Amino acid sequence: SVDIVQDVARDENLSVDLPGYEKAMSRQRTLSQESWKGSGEEEIPKAYRGLLARGFTSRFLGYQTLISKTRVAALLVDGKETTSAHEGSRVEVVLDQTPFYGKAGGQAGDIGWLSDGKVRFRVTDTLKFNQGLVVHKGHLEAGSLSVGDEVKAQVDEITRNVTIRNHSATHLLHAALREILGDHVKQAGSLVAPDRLRFDFSHFTQVSTEKLAEVERVVNEHIRENLPLHTTEMSKEEAMKTGAMAIFEERYGKTVRLVSIGDGVSMELCGGTHTKRTGDIGLFRIISESAVAANVRRIEALTGEAALRYDQKLERDLRTAASLLKAAPDQLEERVERLLKEHKEKDREIQSLKSKLLSKKSRDVLSEAREIGGIKVIARKMEADSPKELRESADRIKDRLVSGIVLLGAEKEGKVMLTCVVTKDLMDRFKAGDIIRQLSNIVGGKGGGRPDMAQGGGNKPEELENAFEGLYDLIGNGVV
Ligand SMILES: [Zn+2]
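Scope of this entry: the structure provided in the associated data block. Quantities reported herein were computed from a predicted structural model and do not represent experimental measurements.

**Here we look at the sheet that holds strand β15 (residues 255-261)**
One open sheet accounts for three strands, arranged β14-β15-β16; its pairing is antiparallel. With partners counted over all chains shown, the strands left at the sheet margins are β14 (229-235) and β16 (266-269), one partner each. Within this sheet the neighbouring strands show an average axis-to-axis angle of 20 degrees, counted without direction. In terms of strand pairing, β15 meets β16 through four bridges, oriented antiparallel. If you follow Ser260 over to β16, its bridge partner there is Met267.

**Observations concerning the coordination of the zinc ion**
Those protein atoms acting as donors to the zinc ion are His167 (NE2), His171 (NE2) and Cys270 (SG), and they sit at 2.1 to 2.3 Å. For the zinc ion, the donor residues sit on a single chain with the sequence spacing H-x3-H-x98-C. Taken as a pair, His167 and His171 lie in helix α4 (residues 157-181) at a separation of four residues, close to a single helical turn. Classification of His167 by relative accessible area gives buried; the value is 4%.

**What about the pairing of strand β8 (residues 119-129)?**
Residues in a regular strand point their side chains to alternate faces of the sheet. Pairing between strand β7 (residues 112-116) and β8: five bridges, direction antiparallel. Paired with Leu114 across the two strands is Phe121, which belongs to β8. The hairpin turn running from β7 into β8, its antiparallel successor, is two residues long, and Gly117 in that turn takes a positive phi close to 55 degrees. Pairing of β8 with strand β9 (residues 133-142), which is carried by nine bridges, proceeds in the antiparallel orientation. Each residue of the ladder has a partner; that of Thr126, found in β9, is His136. The loop that links β8 with its antiparallel partner β9 comprises three residues; one of these, Asn130, has a positive phi angle of about 50 degrees.

**Focus: the layout of surface pockets**
By volume, the second largest pocket is sized at about 520 Å³. Around the second largest pocket, the lining comprises 21 residues; the ones closest to its centre are Tyr63, Ile164, His274, Thr275 and Lys276. Elements with a contribution of two residues or more to the lining of the second largest pocket: α4 and β14. Taken domain by domain, the lining of the second largest pocket gets at least three of its residues from each of domain 2 (46-155) and domain 3 (161-321).

**Details of helix α8 (residues 332-367)**
End to end, α8 covers 52 Å across 36 residues, agreeing with the expected 52 Å (1.5 Å per residue, within 8%). For α8, every residue scored as buried is listed here: Leu332, Ser362 and Val365. Tucked into the core, α8 has its buried residues touching α7 (304-324), β20 (375-381) and α9 (387-401).

**Some details on helix α11 (residues 464-477)**
Here α11 spans 20 Å end to end across 14 residues, near enough to the 20 Å set by a 1.5 Å rise per residue. Looking at α11, one finds that the buried residues are Leu464, Ala467, Phe468, Gly470, Leu471, Tyr472, Leu474 and Ile475. Two residues or fewer after α11 comes Gly478, characterised by a positive phi angle close to 60 degrees.

**A closer look at the sheet that holds strand β23 (residues 447-449)**
Pairing is mixed across the open sheet formed by six strands, whose spatial order is β19-β20-β21-β22-β24-β23. Edge positions in the sheet fall to β19 (370-372) and β23, since each has one partner strand and no second. Averaged over all adjacent pairs, the angle separating strand axes in this sheet is 20 degrees, with direction ignored. Taken together, the six bridges between strand β22 (residues 415-422) and strand β24 (residues 453-458) define a ladder with antiparallel strand orientation. Opposite Val421, over in β24, you have Met453 as the bridge partner. Sheet strands touched by α11: β19, β20, β21 (405-412) and β22. Its angle to β20, the strand with the most contacts, is close to 170 degrees.

**Some points on the pairing of β22**
Burial within β22 is extensive, with seven of its eight residues counted as buried. What sits between the antiparallel neighbours β21 and β22 is a turn of two residues, in which Glu413 has the positive phi angle 50 degrees.

**Some details on the packing of aromatic side chains**
In this structure the tally under the stated criterion is four aromatic pairs. Relative to Tyr101, the ring of Phe60 has its centre 5.9 Å away and its plane inclined at 70 degrees; by these criteria the two rings are edge-to-face. Within this pair, whereas Phe60 is found in strand β1 (residues 59-60), its partner Tyr101 is found in the loop between β6 (97-98) and β7, the two being separated by 41 residues in sequence. Classification of Phe60 as partly exposed rests on a relative accessible area of 23%. Of the residues examined, Tyr101 reaches a relative accessible area of 5% and is grouped as buried. Clustering of aromatic rings is evident, with ring pairs tying together Phe60, Tyr63 and Tyr101.

**Concerning the packing of α8 against α9**
Relative to each other, α8 and α9 sit at 65 degrees, their axes nearing to 10 Å. Considering only the axes of α8 and α9, their crossing is right-handed. For the pair α8 and α9, the contacting residues are Leu358, Ser359, Ser362, Arg363, Val365 and Leu366 in the first and Arg396, Ile397, Arg400 and Leu401 in the second. The class makeup of the residues in the contact of α8 with α9 is five nonpolar, two polar and three charged.

Reading the values: the criteria
Residues numbered from 1 in each chain as written. Predicted model: local features only at pLDDT ≥ 70, side-chain atom pairs only at ≥ 80, totals over all residues. Heavy atoms only, no water. Pairing = 2+ DSSP bridges. Helix = DSSP H or I, 4+ residues; strand = E, 2+ residues; numbered from the N terminus. Axes fitted to C-alpha atoms, helices over the stretch in contact; angles between N-to-C directions. Donors = N, O, S within 2.8 Å, 3.2 Å for Na, K, Ca; no water. Buried < 20%, exposed > 50% of the residue type's maximum accessible area, 1.4 Å probe, protein only. 1 Å grid on protein atoms, 1.4 Å probe; cavity = no way out; pocket = protein on both sides within 12 Å on 5 of 7 lines; lining within 4 Å. Points joined across faces, edges and corners; volume = space filled by probe spheres on them. Domains from an automatic or database assignment. Expected span 1.5 Å × (residues − 1). Contact = heavy atoms within 4.5 Å. Phe/Tyr/Trp six-rings, centres within 6.5 Å; stacked < 30°, edge-to-face > 60°. Left-handed = near helix turned anticlockwise from the far one by under 90°. Nonpolar A, V, L, I, M, F, W, Y, C, P; charged D, E, K, R; others polar.

Here it is, written out as structure tokens:
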């Protein structure tokens, strides 16, 4: 979450662009809402509008069957109508009647095959426009197709079956949310794909882990009850009287389809395809709950084998983590808490050792001070990665020295860095800038700075000792 990011940023001395973050999040939310809103009916491409105008519709057989004989009614290649298509082309096929479910109401379009003898057409997606025009998108893998050809249309059963498990689960989820959270919960959108389901609903706050577990428990209870699903076609007015839940942003025809589960467990107007009984769903697992927009929450969940695989992976991860920590899975939490505590203690210990080490170092350095004409002088080599680091060391030594002159030299990648500091009381006689200017000459470079602090360097590391000697001479002669 943002809080964690802010904490990390504070530790690293960075700042977080909160307004920018909020803007990006709201843009992302709008995008994701748009991407699932699609009942496939908002925007009708030009090529299909022509077909609709001429009354092309396909009878949908997919509630009863996944396979049927049918006839090619229209063909499009590259978005243009044509009378025949050849092997290898990407084609959009309209059929007289079809068992293929066209993407609508959040449910993904079917995939499968159209075939006849040597003809094989792989359907990779199915779209539906204006309640009736169903377009099979895909690839003509073998043979050719012409308008009027008889073909066998066959929906991929495995994919359809996992999709309907997810779809029926959203109806149970909707009912369970209303039961656990309250009647204010209304569906705001859904996505039902073969590999997952997503359900958006109106609710004001984050749903607690406990409530989510309760919702999951209720859905699974209805699954175990193995309740039958019934569908009834009726007029919109009749449907309203039943009190069924409907999503009226979705377009319905004159007749609507009422999908009910068990004895009043759930009643929804829905054009989607469903399992015969709730037991077919097998297992239901919520994998996330999040915010999509103001007062709209999103639950993502898995069903059937996908839910089982998810659980198995979680368990595997848990066991791996536990064995890495040499603990039993049920002791993992306690073990991790202890480790984090130990880690913190070690950090504190390292910090205290570091500062002890540093003060010992500067005491050692102080004991090396030479006295020249009553002035304490320290000139020595140090480990340092940057002039800044060298300056910090020099300052630390100066503070302990109280009165004196410090010259530090460091070698890095064939170059020499020099830093000189002079305590205030000596600045009228010795100026750090002047000292560094002269000593940098010795190491083959330049330097300068203020009277109290100056930096320089050169490219002759072998002359560093001579520079130190140079400082003793300068002070001995009182030249600077
Ligand atoms: Zn539905």
